[in-house]
Amino acid sequence: MTGKTKDNYNKNYLNYVKTQDPPTQHLKNCAAAFGVGGLICCIGQFIRFMLEYAGLTGDELAGTTSVILIFIGCLLTGLGLYDRIGRHAGAGSIVPITGFANSVASPAIEFKTEGWIYGMAAKMFTVAGPIIVFGVFSGALVGIIYYFI
């Protein structure tokens, strides 16, 4: 293919894609992500206030709040509701800790039929694994830099 023919082919293809692809509604998507992500965070803050009112403080309070939010994220994933929330909210549902719980629970549920070891256990961290690795690496790097400063 010559250069001019290839450019013409690319332009035709891009024009075809534009006619088939619906326009993206950026403002609506951003508002939905902000609203749902904020709502998830408000629910987390409410849980934290209730646990604080019950007498928890410090690390116990933070850990218990995180565990409850992770449980809620896994429960909603298992019931198939978190995917519905994600379709509406987009990135707003993956940012909080519940999104991380969803990224671990969803592959585990999907590959459960392949068995406990090769299915669920092996596939559980396909999405969340790189997040854990880079999170630990980044934390260690920041710790080393902080140590030397």
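Scroll up a little and you will see the structure.
Computed from a predicted structure; not experimentally measured.

Here we take up the layout of surface pockets. Computed from the structure, the largest pocket encloses a volume of approximately 160 Å³. Lining the largest pocket, in full, are Val-36, Leu-39, Ile-40, Ile-43, Leu-69, Ile-72, Gly-73, Leu-76, Tyr-82, Ile-85 and Thr-98. Elements that contribute at least two residues to the lining of the largest pocket include exactly helix H2 (26-53), helix H3 (58-78) and helix H4 (81-89). Considering only residue class, the lining of the largest pocket consists of nine nonpolar, two polar and no charged.

On to the environment of Thr-98, then. Looking at the secondary structure, you find Thr-98 in helix H5 (residues 97-110). Along the primary structure Thr-98 and Leu-76 are separated by 22 residues, whereas in three dimensions their C-alpha atoms are 9.3 Å apart. Sequence-distant contacts of Thr-98, defined by excluding residues within four places in its chain, comprise Ile-40, Leu-69, Gly-73, Tyr-82 and Ser-93.

Before going further, it helps to examine the packing of H2 against H4. Running from amino to carboxyl end, H2 crosses H4 at an angle of 140°, the nearest separation of the two axes being 8 Å. What the angle tells us is that H2 and H4 run oblique. Of the residues in H4, those touching H2 at Ala-32, Ala-33, Val-36 and Ile-40 are Tyr-82, Ile-85, His-88 and Ala-89. Tallied by class, residues from the contact of H2 with H4 come to seven nonpolar, one polar and no charged.

The geometry of H3 relative to H5 is characterised by a closest axis approach of 8 Å and an angle of 45° between their N-to-C directions. Viewed along their axes, H3 and H5 adopt a mutual orientation that is oblique. Both H3 and H5 take part in a crossing whose hand is right-handed. Every residue of H5 that contacts H3 at Ser-66, Leu-69, Ile-70, Gly-73, Cys-74, Thr-77 and Gly-78 is listed here: Ile-97, Thr-98, Ala-101, Asn-102, Ala-105, Ser-106 and Ile-109. Looking at side-chain class alone, the contact of H3 with H5 contains seven nonpolar, seven polar and no charged residues.

Parameters and conventions
Residues numbered from 1 in each chain as written. Predicted model: local features only at pLDDT ≥ 70, side-chain atom pairs only at ≥ 80, totals over all residues. Heavy atoms only, no water. 1 Å grid on protein atoms, 1.4 Å probe; cavity = no way out; pocket = protein on both sides within 12 Å on 5 of 7 lines; lining within 4 Å. Points joined across faces, edges and corners; volume = space filled by probe spheres on them. Helix = DSSP H or I, 4+ residues; strand = E, 2+ residues; numbered from the N terminus. Nonpolar A, V, L, I, M, F, W, Y, C, P; charged D, E, K, R; others polar. Contact = heavy atoms within 4.5 Å. Axes fitted to C-alpha atoms, helices over the stretch in contact; angles between N-to-C directions. Parallel < 35°, antiparallel > 145°, perpendicular 65-115°, else oblique. Left-handed = near helix turned anticlockwise from the far one by under 90°.

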